[in-house]
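Listed below, chain by chain, are the residues.
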Amino acid sequence: MSTFDPNKVSTKFLPPANPNYPVVGRKYTLTHSDITGELFLSVGCRIDLESIDQQMRDEVIAEWRRDRYGRYHLFGEVYVDGGEFSKEVTERRFNIFRKEMGTALKGMLYGDQPFLSNHPYLLDAPIYIQFNSTYPEYNQTFYFGTLRDYV
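This write-up is about the structure you can find in this document. Bear in mind the structure is a predicted one, so any value in this text is a computation, not a measurement.

## Some details on the environment of leucine 122
Piece 1. In this structure, leucine 122 sits in the loop between helix 2 (113-118) and strand 6 (126-132).
Piece 2. Sequence separation of leucine 122 and leucine 41 is 81 residues, and the distance between their C-alpha atoms is 18 Å.
Piece 3. The contact partners of leucine 122, leaving out residues within four places of it in the chain, are Val23, Trp64, Tyr72, Phe115 and Leu116.

## Comments concerning the pattern of salt bridges
Piece 1. As enumerated under the stated definition, the model contains 10 salt bridges in all.
Piece 2. A salt bridge links lysine 12 to aspartate 48; its shortest N-O distance comes to 3.1 Å. Note that lysine 12 is positioned in strand 1 (residues 9-13) and aspartate 48 in the loop between strand 3 (39-44) and strand 4 (60-66), a separation of 36 residues in sequence.
Piece 3. Of the charged contacts in the structure, one is a salt bridge between aspartate 112 and arginine 26, with a shortest N-O distance of 2.8 Å. Highlighted residues: aspartate 112 in the loop between helix 1 (87-111) and helix 2 and arginine 26 in the loop between strand 1 and strand 2 (27-32), separated in sequence by 86 residues.

## Focus: the sheet that holds strand 1
Piece 1. One open sheet holds the seven strands; their spatial order is 1-3-2-4-5-6-7, and the pairing between them is mixed. Two strands lie at the open edges of the sheet, namely strand 1 and strand 7 (140-146), each paired on one side alone. Across the sheet, the mean angle from the axis of one strand to that of its neighbour is 20°, orientation sign disregarded.

## Description of the pairing of strand 2
Piece 1. Of all six residues making up strand 2, six are buried, and the element is well covered by its neighbours.
Piece 2. Judged by which residues are buried, strand 2 turns out to be covered on both faces: Lys27, Thr29 and Thr31 on one side and Tyr28, Leu30 and His32 on the other are all buried.
Piece 3. Pairing of strand 2 with strand 3, which is carried by six bridges, proceeds in the antiparallel orientation. The residue of strand 3 that forms the bridge with threonine 31 is phenylalanine 40.
Piece 4. Counting the residues that bridge the hairpin from strand 2 to strand 3 gives six residues, and of these glycine 37 lies at a positive phi of roughly 80°.
Piece 5. The pairing of strand 2 with strand 4 spans four bridges and is antiparallel. Paired with tyrosine 28 across the strands is alanine 62, a residue of strand 4.

Calculation criteria
- Residues numbered from 1 in each chain as written.
- Predicted model: local features only at pLDDT ≥ 70, side-chain atom pairs only at ≥ 80, totals over all residues.
- Heavy atoms only, no water.
- Helix = DSSP H or I, 4+ residues; strand = E, 2+ residues; numbered from the N terminus.
- Contact = heavy atoms within 4.5 Å.
- Salt bridge = Lys/Arg side-chain N within 4 Å of Asp/Glu carboxyl O.
- Pairing = 2+ DSSP bridges.
- Axes fitted to C-alpha atoms, helices over the stretch in contact; angles between N-to-C directions.
- Buried < 20%, exposed > 50% of the residue type's maximum accessible area, 1.4 Å probe, protein only.

Keep in mind these values describe shape, not function.
Right under this line is the structure:
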């Protein structure tokens, strides 16, 4: 997934979400094909569970949220492990997610371009990604800048 190619991004909307609304609660499910390098983005008011490969668990999910001060942020999660992998495999997955997150965020940005054009203030909202793992050293939340960093 390393090199971002906008021609390999396909987006589907899960009603009632559309290219304009909602903002708060707008959810992204990003999956990919290791073989073709294609990125598949689902945008909706729910996570697209049907698109997630339960064996691979290499999706990136994210949601627009507002804090108690009314500021927007994009909060995402990746599944590093749930105890089923060795520490070595978990570390490899963790490192791959860290390395590929920029490509994933570019895919979300590109795939939801009309929405972000209608809500340009979101380009400056902070991005936080939770890496979920049973190993404490891989169970962390990282700041990934703003979407403007990925334009």
